[in-house]
Amino acid sequence: MEITDRQSNVQIIKDFSSNLISAFSADMFSLAMGLMLLDETGMSLSFGLSMIIMPLVSLLGLVPIGNLVDSHRHKPLLVTSILVRLIALLIYAITINDFHGVGKILPTVGFLVINYTVQSVMTTG
C-alpha cells in the first residue's frame, strides 16, 4: 500500500496539531498543578518535584512504553490511554480536598505520574 503526497501531508498536519494541543493542555495543566502545590504547601520543593516527574517518567518508561506501542494496535491504545487519564483526573478531583497542606503532594504526584505516562503513550502512539 503506497501513501500519496496528499495523505502524507494530512498525517503531518494531524501530528503537528496533536502535539500542539498536547503542549497546551497536558503540559500546561501539569505546570498549573505544580503552582497549585506551591500555593498550598508554601514549599518550592513541591513545585520542583512536580516538574521533575515528567523527565523521570519519560526516562523510566522509554523502553516499556515503546514496546507497548509497538505490540498493540494504536487506536485502541490511544482510546484506553485517554480513558485512564480521565478516570485518574476524576479520582484526583474527588479526593484532593481530603488532603491539606503538604499532604496534597502525594495524590498530585500520583496523578502526574499517570498523566505523564499516558501522555508518553499517546505521543509515542
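Cut-offs applied
- Residues numbered from 1 in each chain as written.
- Predicted model: local features only at pLDDT ≥ 70, side-chain atom pairs only at ≥ 80, totals over all residues.
- Heavy atoms only, no water.
- Axes fitted to C-alpha atoms, helices over the stretch in contact; angles between N-to-C directions.
- Helix = DSSP H or I, 4+ residues; strand = E, 2+ residues; numbered from the N terminus.
- Parallel < 35°, antiparallel > 145°, perpendicular 65-115°, else oblique.
- Left-handed = near helix turned anticlockwise from the far one by under 90°.
- Contact = heavy atoms within 4.5 Å.
- Nonpolar A, V, L, I, M, F, W, Y, C, P; charged D, E, K, R; others polar.
- Expected span 1.5 Å × (residues − 1).
- Bend = angle between axes of the 7 residues up to and from the residue.
- Buried < 20%, exposed > 50% of the residue type's maximum accessible area, 1.4 Å probe, protein only.
- UniProt positions renumbered as here; feature names shortened; annotations may be inferred.
- Arc of directions from axis to C-beta.

### Considering the packing of helix α3 (residues 62-71) against helix α5 (residues 105-124)
Thinking step 1. Contact pair α3 / α5: the axes reach a minimum separation of 10 Å and the direction vectors enclose 50 degrees. Between α3 and α5, the angle is such that the two are oblique. Classified by chirality, the crossing of α5 by α3 is right-handed. The segment α3 lies against α5, with I65, L68 and V69 engaging T117, S120, V121 and T124.
Thinking step 2. Here the contact of α3 with α5 is built from residues that sort into four nonpolar, three polar and no charged.

### Some thoughts on helix α2 (residues 44-60)
Thinking step 1. Here α2 spans 25 Å end to end across 17 residues, near enough to the 24 Å set by a 1.5 Å rise per residue.
Thinking step 2. Maximal helix bending in α2 amounts to about 25 degrees, located at I53; proline P55 follows within four positions.
Thinking step 3. Those residues of α2 lying buried are S46, S50, I53 and V57.

### What about the UniProt feature "transmembrane region" (unreviewed entry) in the protein chain?
Thinking step 1. Under the feature "transmembrane region" (unreviewed entry), the UniProt entry names residues 20-38, 44-65 and 77-95.
Thinking step 2. Helix and strand shares over residues 44-65 are 95% and 0% respectively, and the end C-alpha atoms of the span are 31 Å apart.
Thinking step 3. End C-alpha to end C-alpha, residues 77-95 measures 27 Å, and it is 100% helix and 0% strand.

### Examining helix α4 (residues 74-95)
Thinking step 1. Spanning 22 residues, α4 covers 31 Å between terminal C-alpha atoms, matching the ideal 32 Å at 1.5 Å per step.
Thinking step 2. Within α4 the residues assigned to the buried category are L77, S81, A88 and Y92. Burial along α4 is one-sided: seen end-on, the buried residues are contained in an arc of 45 degrees. Exposed residues pointing more than 90 degrees away from the buried face of α4 are listed as K75 and I94.

### Some words on the environment of L45
Thinking step 1. Its location among the elements puts L45 in helix α2.
Thinking step 2. On the basis of relative accessible area, L45 is assigned to the exposed category, the value being 63%.
Thinking step 3. As for L45 and I13, which are separated by 32 residues in sequence, their C-alpha atoms are 39 Å apart.

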